[in-house]
Amino acid sequence: MTQSKEIKKPSSGLAARIFRQQMFIPLAALFLLALFNFIMDPSFYRISFDYNSVGNPVLSGNIISILDAGSELAILAIGMTLVTAATGGQDISVGAAIAISGSVVLRVLCGTNSRPDTLQAPIFVAILVSCVVAMLFGAFNGMLVAYFRIQPMVATLILFTAGRSIAAWINNNELPIISDPSFGVFGGFIPGIPIPTPIFIAAGCMIVIALVLRFTNLGLYVQSVGINESSSRLNGLNPAFIKFLTFVVLGLCVAVAGLIKVSRFSSINYSVVAKDIEMDAILAVALGGNALSGGKFNMKASIIGAYVIQFLATTLYKFKVQSTALPAYKAVVVILLVVLSAPKVREYLARIGKQIRQKTHVKEAG
Amino acid sequence: MKKKILAALMVATMVMGLAACGSQPAANTPSNESNAGGNQNSTEELIKVGIINNNPNESGYRTANDKDLKAMFTEENGYLASFSYGEKNEEQVSAAQKLIQDGVDYLLLSAADTAGWDSVLKDAQDAGIRVILFDRTINADPSLYEASIVSDMNKEGQTAVDWLKKQGLSEYKIIHIQGKMGTAAQQGRSAAMDEAVKNEGWTLVNQQTGDWNADNAQQIVQSVIDSGESFNVIYAENDDMARGAVAALDKANISHGVGKDVIIMGFDCNKWALEELYKQNWNYDGQCNPFQAEYIDDIIKTLESGGTLPEKTIIMDEQGFDATEITKEDIEKYGI
């Protein structure tokens, strides 16, 4: 979605045009983080080729780590962007929903025994079931928001509170551990391929959503509902259904992210799996310069926003920031980014850019 | 047409409702009486305990704790127990008030929060109910409760660090993965390590919080590996984070466990973690004892027989397991 380009006014200068671009904020943040790391320690970008303990070739390095660990967040950012755009609200239950869908995957694979030696069901069945379950929970949220007209944050508060207990209940509060290495593929490596699988899965999701937005009217409909619900109804859309649909899509994203999460360790911890990931997903949408009050959205910007968050996390780990100071560092960066992405500030920056340009113009002329 | 169907439906529900009203008391009265009769006989011998715990789904520790309590406080053991759970103080306080009204003999409490318990415990005292705290202490006057059974997190950390000292490595280069900052477990387990680093001249390659999360721990260890620094000990403050760390090591083909390149230390003694120990993939696991029921049972028996407790604060026995010494029986007995 590149509708932000249409805002360009031919009269304004290059700087102003750049500042007004929605992609500017996440890209600038990414660039600043990258530059900072490059100056502090260029070896940050070193990528090495090794073999892991089971003899698979693997690429490792900070960049690979960022792409790998940021996958779940990027996938969630896709769904969260759509929900935000259509409803003008956010789903705060995605972390809990990941616990549920992850728990479902393990339940199907383990059957009644929580420590099976062999898988009790084919993996694709487990994935299918978890997708259905996650979409049902998404549909539940969507129904509350679209048809009962409850504020999204309040509606999803229900699942946010209950989700992790439901996840534990699905597995009788036991801790399933899968010993079959074939399940670890989704969060690890495909034998013989040195790039972590989550990167492929995330890329796949991005391609799918890009195709959907390109070849269907979903993007247009979502935005028109978000901008003006009544006028989109007058134009023949069904706003309630479109809102509902965005939550179901987010449910699907949750199922994919949940699969990666549980596959990483072939197990689950109900209380901490994907903890606080909902806040990061919302932040990714905000960093992408999308209005949290709904309406226009830019999917690419959201996804880049997600990787910015992971880049920041990895950078903080890399520089061994004191544990007690970690939240403060994060907060400072987040405040900076959010302030920069505020329309007022960007307008101001654009104006300054214009002035500078005019001055140089005058000098050249004189 | 629609209206007619609706009307018919409503009539039907009303009739059903009436029928239900009519039949319920008739069916219930005899069973109620027999219940009351049965209770009256048994309650004279049974000790009524009200147990307020945290959400059993919170962690493996809590699940084991809840199971242990449920196994102990049964009618066979002479107890009439009612359980309630709350993740927040308010929920727990209102549960406590209800239990006080029910007139229990003992109130067993694992408080969600340390503050805000004075008035409700005062009520309990006035009603002649004795309060026993387990697992978590509270900020209240000690006269308000009979006993407090706790884990000594500092001791847990100390036991682990002492074990590490005994390994006699030529140099100690440690990645220390902390729990959620500010929690009692984190503070206790970190304190011993910080102390040892200062006194023994050990090197902390990285000290970072993983918020009890395997994912974060993996990323922390990964970032150290990516920066090319060497290390030979991973001290993770719970099992999950140790598992995350191990995942990062496996990816980089760094050997770990008994007699290998990196020593792995965890806490909490989850069953699966002890199995890793048994397979010698890890080296050490420190216990955080969730089995408090036996201690509570002892206290109640002492108090019932008119005895007094030597100490108000009772610290549970907790041990650390070494991969070279652990047995199958240990896994069954101590694994949670």
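Residues numbered from 1 in each chain as written. Chains lettered and ligands numbered in written order. Predicted model: local features only at pLDDT ≥ 70, side-chain atom pairs only at ≥ 80, totals over all residues. Heavy atoms only, no water.

S.K.: Lay out the interface of chain A and chain B with the relevant residues and their values.
M.R.: The interface of chain A with chain B comprises 36 residues on the first partner and 38 residues on the second. Summing both partners gives a buried area of about 3000 Å² for chain A against chain B, and 44% of it is carried by carbon and sulfur. Considering only the surface of chain A that becomes buried against chain B, F265, Y317 and K320 of chain A emerge as the three largest contributors, covering 25% of it. Between the two partners, chain A and chain B, sit four salt bridges. The residue R115 of chain A makes a salt bridge to E275 of chain B at a minimum N-O spacing of 2.4 Å. Summed over the shared surface of chain A and chain B, the result is 16 residue pairs in polar contact (both at pLDDT 80 or more). Across the side of chain A that touches chain B, the residue classes break down as 13 nonpolar, 15 polar and eight charged. (Contact = heavy atoms within 4.5 Å. Buried area = accessible area lost by both parts, 1.4 Å probe. Salt bridge = Lys/Arg side-chain N within 4 Å of Asp/Glu carboxyl O. Polar contact = N/O pair within 3.5 Å; in protein donor to acceptor, adjacent residues only side chain to side chain. Nonpolar A, V, L, I, M, F, W, Y, C, P; charged D, E, K, R; others polar.)

S.K.: Summarise the packing of aromatic side chains; cite the residues concerned and give the values.
M.R.: All names here are of chain A. Summed over the entire model, instances satisfying the criterion amount to 14 aromatic pairs over all chains. Between F38 and Y45, the ring centres sit 6.3 Å apart and the planes meet at 45°, which makes this aromatic pair tilted. Look at F38 and you get partly exposed, because its relative accessible area is 49%. In textbook terms, an aromatic cluster arises when at least three aromatic residues are bridged by ring pairs, as seen for F38, F44, Y45 and F311. Its guanidinium or amino end placed over the ring of F319, K318 lies 5.8 Å from that ring's centre, counting from NZ or CZ. (Phe/Tyr/Trp six-rings, centres within 6.5 Å; stacked < 30°, edge-to-face > 60°. Buried < 20%, exposed > 50% of the residue type's maximum accessible area, 1.4 Å probe, protein only. Lys NZ or Arg CZ within 6 Å of the ring centre and 35° of its normal.)

S.K.: Lay out the nonpolar core in plain terms, naming residues and giving numbers.
M.R.: Counting residues in each nonpolar core, the largest one holds 90 residues, and the members touching the most others are I75, L76, F183, V222 and M299 of chain A. Every residue in contact with I75 of chain A, bar those within four places of it in the chain, is listed here: I201, A202, C205, C253, V256 and I260 of chain A. Of all hydrophobic cores here, the second largest spans 40 residues; its members include I177 of chain A together with I177, A217 and A236 of chain B. (Core = buried A, V, L, I, M, F, W, Y, C linked by side-chain atoms within 4.5 Å.)

S.K.: Which residues make up the sheet that holds strand β5 (residues 147-150) of chain B, and what values do they have?
M.R.: All names here are of chain B. If you trace the six strands from one edge of the open sheet to the other, you get β2-β1-β3-β4-β5-β11, paired in parallel fashion. On the outer flanks of this sheet lie β2 (79-85) and β11 (313-315), each paired with one strand and no other. Strand after strand, the sheet turns through a mean of 20° between neighbouring axes, direction not considered. In terms of strand pairing, strand β1 (residues 47-53) meets strand β3 (residues 106-109) through four bridges, oriented parallel. Each bridged residue has a counterpart across the sheet, and for G50 the counterpart in β3 is L107. Strands β1, β2 and β4 (130-135) of the sheet are contacted by helix α2 (residues 60-72), whose axis makes an angle of about 155° with β2. (Pairing = 2+ DSSP bridges. Helix = DSSP H or I, 4+ residues; strand = E, 2+ residues; numbered from the N terminus. Axes fitted to C-alpha atoms, helices over the stretch in contact; angles between N-to-C directions.)

S.K.: Can you explain the pattern of salt bridges? Please cite residues and give values.
M.R.: Tallied over the entire structure, the rule returns 25 salt bridges over all chains. Note that K318 of chain A and D41 of chain A form a salt bridge whose closest N and O atoms lie 2.7 Å from each other. Of this pair, K318 of chain A sits in helix α13 (residues 299-318) while D41 of chain A sits in the loop between α2 (24-40) and β1 (48-51), and the two are 277 residues apart along the sequence. As far as burial versus exposure is concerned, K318 of chain A and D41 of chain A are alike and both buried. Salt-bridge contacts for R189 of chain B lead to E156 of chain B; the nearest nitrogen and oxygen are separated by 2.8 Å. Of this pair, R189 of chain B sits in helix α6 (residues 184-200) while E156 of chain B is found in helix α5 (residues 153-166), placing the two residues 33 residues apart along the sequence. Across this residue pair, the class does not change: R189 of chain B and E156 of chain B are buried. A cluster of three or more residues bridged by salt bridges with shared partners is formed by D68, E72, K261 and R264 of chain A together with D215 and K251 of chain B.

S.K.: I'd like a rundown of the side chain of Q90 of chain A, residues and numbers included.
M.R.: Residue and element names in this part refer to chain A. Among the structural elements, Q90 can be located in the loop between α4 (71-87) and α5 (94-110). The buried category is assigned to Q90, whose relative accessible area is 6%. Residue contacts for Q90: discarding those within four places in its chain leaves M80, T84, P152, M153, T156, I282 and L292.

S.K.: An account of the confidence of the model for chain B is needed here, citing residue identities and associated values.
M.R.: Residues with a pLDDT of 70 or more make up 87% of chain B, whose mean pLDDT is 86. Confidence drops under pLDDT 50 across residues 17-43 of chain B; counting only partners more than four residues distant or on other chains, this segment forms two contacts. (pLDDT = per-residue confidence, 0-100.)

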